[in-house]
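Descriptive structure summary
This is what each chain is made of:
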Amino acid sequence: MSRLLLDGWHVVLGIETHAQIKSRQKLFSSASTSLLTHPANTTFNAVDAAFPGTLLKLNPKCLLLALRASLALNCDIQRRSSFDRKHYFYSDLPSGYQITQHYAPIATNGFLTLPTLGRKVRIKQIQMEQDTAKSIFDPRTRTSLIDLNRAGTGLLEIVTEPDLQSADEAAEYVRALQATLRAVGASDGNMDTGSMRCDVNVSIHRPGEPFGTRCEIKNLNSVKFMIAAINCEIVRQKALLMSSCNVPQETRGFDHHRWDTYKLRSKEDAPEYRYMPDPNLGILHVSEAQIQQVKDNLPALPDALRKHLIDTYEPFGVTQIDIDVLMGLDTGRNIGYDGEDNISLDETTRQDTDVSAVTYFETVCADKNRDPKNVINWILHSLHGQLSALDKAFNSKHIPPRQLGELIDLVASNSVTRPSGKLLLRHMLTDPSITPETSVRRLAVKLNLISMSSSSEDDLQSVCMRAVEALPDEVAALRAGHHNVVNKIVGWVMKETRGRADAKTVRETVIDLVKS
């Protein structure tokens, strides 16, 4: 394939991604998968701590999610796969080895299409493996403490072929991978919480020459840092080659304080992992019927879903940016699962009462009288904005689609002004007594938020008159030709009426009063 040129050099990148499987239990034990809020050493059992005599049992939920991810990434599912022991002796690895699928992974030969460039990045293989424990250095005592909470957590290692050609392409690949894993519920893909980490292999060479020596940058935990690390490594390798020096094959880290890569170990120092088949786990068999069942229940993938939304709603003024933001609201959410891990591949997964943001949007739009552009603005700006202010993630159970649709209808019919609608929405989000069956119109009447309609023109005239009397300086300025000062008088009326008055009508009424 033709490669991009960067200052006369070809850049070759490959990425190994470790994504935490979104299961409530660990890969081979019944212990709960840890959260950041869990105190140290509270979510592990004898299997995770590698006590002698313990036996492992594969969590079927992890297998199910691995199959979903593999199919979403267009991989060939291996009917027979197995587990291997990868030996290295670190203090955060209780058993002295990590269980992975080095020789016979669960899936191979897939691809992921980059949404912007439309180019395919080949997936070499996907394998299930255990996470290690966490080392915590105490500078006061100069000792390292071990937290076993993450020990045994299920991971998907997703390895690409060296098909990426720039830091921007690598970033697009990682974002597309995140969206795909989230869409099928396999992983939340949150790099900032440690649910997803990337190792990037970087090499450069002149056109027509063989690939250069690759260096691996370990444990990159954000797209921003990954872009910086790749660019820094390209500059470093180019400087070495320009000065007629060889690039040593080594493993490097990225220091986000110095904004540069640094050496961890050379090829000679690389550990010999001494892979061997795990004698306790044996062969993992997956039938064609099981694969087909998982395939039949796959949700719409990001590319197909984005195309459907664009084709359906762009004629109504919904932009591609709106759609990308809407699809991004499901970040970190496992839609379509009830959170139970005691399922098998032969069981039907129950749907949770929570639905995705896209389904929520389309449900609200189901009434053909509702303008999709208006609906998406309410969801993205009003609902999501207020949830963010309350430090809550988007969830369809906060405001069911029926209630948001009723609120939008009240505003569209001028029964409630938009400011009052936002106030009503805030009340619905914060009042625990409001249930999904609550009538939004009745709630608006109860809170005295019904707009001052034409039947109450006398009341509006009275409030505007009080505003004119209360703000004599502003009235004088308005009479002197300073037209912008009318906004302050209108604001006084809107505050007095708690947003129930129509701002345009108030403005016209105030100007008429001042002129008369």
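No experiment lies behind these values; they were computed from the predicted model shown.

Counting secondary structure elements, the chain contains 15 helices and 17 strands. Considered along the principal axes of its C-alpha atoms, the chain spans approximately 90 × 60 × 55 Å. A total of 516 residues make up the chain; the buried ones form 49% of that total. Long-range pairs, those at least 24 residues apart, make up 69% of the contacts in the chain with a sequence separation of at least 6. For the chain, the distance from the average site of its 60 positive side-chain charges to the average site of its 62 negative ones is 2 Å.

This part takes up the domain arrangement of the chain. Once the domains are mapped, the chain shows domain 1 (5-285), domain 2 (300-337 + 354-450) and domain 3 (460-515). Taken together, both faces of the contact between domain 1 and domain 2 bury some 940 Å²; the carbon and sulfur share is 58%. Linking domain 1 with domain 2 are 0 salt bridges. Our count for the domain 1 to domain 2 interface comes out at 0 residue pairs in polar contact (both at pLDDT 80 or more). Going through the elements one at a time, α1 (60-72) and α2 (167-183) are the ones with two or more residues in the side of domain 1 that touches domain 2. Here the residues of the side of domain 1 that touches domain 2 are counted per class, giving 6 nonpolar, 4 polar and 5 charged.

Another aspect to go through is the pattern of salt bridges. A side chain of one charge can pair with a side chain of the opposite charge when the charged atoms of the two come close. Under the counting rule described, the total for this entry stands at 20 salt bridges. The salt bridge involving Asp-48 is made with Lys-26; its shortest N-O contact spans 3.5 Å. On the criterion of sequence distance, the pair formed by Asp-48 in the loop between β2 (9-20) and α1 and Lys-26 in the loop between β2 and α1 is long-range, its members being 22 residues apart. The residues Asp-48 and Lys-26 share a single accessibility class, namely buried. With a shortest N-O distance of 3.7 Å, Glu-250 and Arg-236 are connected by a salt bridge. Taken as a pair, Glu-250 in strand β14 (residues 250-255) and Arg-236 in helix α3 (residues 223-242) lie far apart in primary sequence, 14 residues in all. Linked through salt bridges whose partners overlap, the residues forming this network are Glu-233, Arg-236, Glu-250 and Arg-252.

What follows covers helix α6 (residues 320-328). Buried residues of α6: Asp-322, Ile-323, Leu-326 and Met-327, and no others. Projection of α6 onto a plane perpendicular to its axis shows the buried side chains occupying an angular sector of 130 degrees, all on one side.

Bringing the packing of aromatic side chains into the picture now. In this structure the tally under the stated criterion is 10 aromatic pairs. With centroids separated by 5.3 Å and ring planes inclined at 80 degrees, the aromatic side chains of Phe-28 and Phe-83 adopt a geometry described as edge-to-face. With Phe-28 in the loop between β2 and α1 and Phe-83 in the loop between β4 (80-82) and β5 (84-87), this pair connects stretches of sequence that are 55 residues apart. Note on accessibility: Phe-28 and Phe-83 belong to one class, buried. One aromatic cluster is present, formed by Tyr-88, Tyr-90, Tyr-103, Tyr-273 and Tyr-275 through successive ring pairs. Lying over the aromatic face of Phe-111, Lys-120 brings its terminal NZ or CZ to 4.3 Å of the ring centre. Lying over the aromatic face of Trp-9, Arg-206 brings its terminal NZ or CZ to 3.9 Å of the ring centre.

The next point concerns the nonpolar core. Counting 67 residues, the largest nonpolar core has Ile-15, Ile-126, Ile-158, Tyr-173, Val-174 and Met-226 as its most contacted members. Formed by 40 residues, the second largest nonpolar core is a distinct cluster that contains Tyr-313, Leu-380, Leu-407 and Ile-434.

Their axes nearest at 9 Å, the elements helix α13 (residues 472-479) and helix α14 (residues 486-496) cross at an angle of 140 degrees. As summarised for this structure, α13 and α14 are arranged oblique, according to the angle between their axes. Between α13 and α14 lies a crossing whose hand is left-handed. Contacts between α13 and α14 involve Glu-474, Val-475 and Leu-478 on the former and, on the latter, Val-486, Lys-488 and Ile-489. The residue makeup of the contact of α13 with α14, split by class, is 4 nonpolar, no polar and 2 charged.

By the definition in use, this model includes 0 disulfides. The thiol of Cys-75 is not disulfide-bonded; the next cysteine sulfur, from Cys-198, is found 16 Å away. For Cys-245, which is in no disulfide, the shortest distance to another cysteine sulfur is to Cys-215 and amounts to 13 Å.

Here we take up the environment of Gly-253. Here Gly-253 is to be found in strand β14. Classification of Gly-253 as buried rests on a relative accessible area of 3%. On a C-alpha basis, the gap between Gly-253 and Met-191 in space is 16 Å, while along the polypeptide they are 62 residues apart. The residues touching Gly-253, leaving out its near neighbours within four places in the chain, are Ile-217, Asp-260, Thr-261, Tyr-262 and Leu-264.

Rules used in this analysis
- Residues numbered from 1 in each chain as written.
- Predicted model: local features only at pLDDT ≥ 70, side-chain atom pairs only at ≥ 80, totals over all residues.
- Heavy atoms only, no water.
- Helix = DSSP H or I, 4+ residues; strand = E, 2+ residues; numbered from the N terminus.
- Buried < 20%, exposed > 50% of the residue type's maximum accessible area, 1.4 Å probe, protein only.
- Contact = heavy atoms within 4.5 Å.
- Lys, Arg positive; Asp, Glu negative; His and termini not counted.
- Charge placed at Lys NZ, Arg CZ, Asp CG, Glu CD.
- Domains from an automatic or database assignment.
- Buried area = accessible area lost by both parts, 1.4 Å probe.
- Salt bridge = Lys/Arg side-chain N within 4 Å of Asp/Glu carboxyl O.
- Polar contact = N/O pair within 3.5 Å; in protein donor to acceptor, adjacent residues only side chain to side chain.
- Nonpolar A, V, L, I, M, F, W, Y, C, P; charged D, E, K, R; others polar.
- Arc of directions from axis to C-beta.
- Phe/Tyr/Trp six-rings, centres within 6.5 Å; stacked < 30°, edge-to-face > 60°.
- Lys NZ or Arg CZ within 6 Å of the ring centre and 35° of its normal.
- Core = buried A, V, L, I, M, F, W, Y, C linked by side-chain atoms within 4.5 Å.
- Axes fitted to C-alpha atoms, helices over the stretch in contact; angles between N-to-C directions.
- Parallel < 35°, antiparallel > 145°, perpendicular 65-115°, else oblique.
- Left-handed = near helix turned anticlockwise from the far one by under 90°.
- Disulfide = S-S within 2.5 Å.

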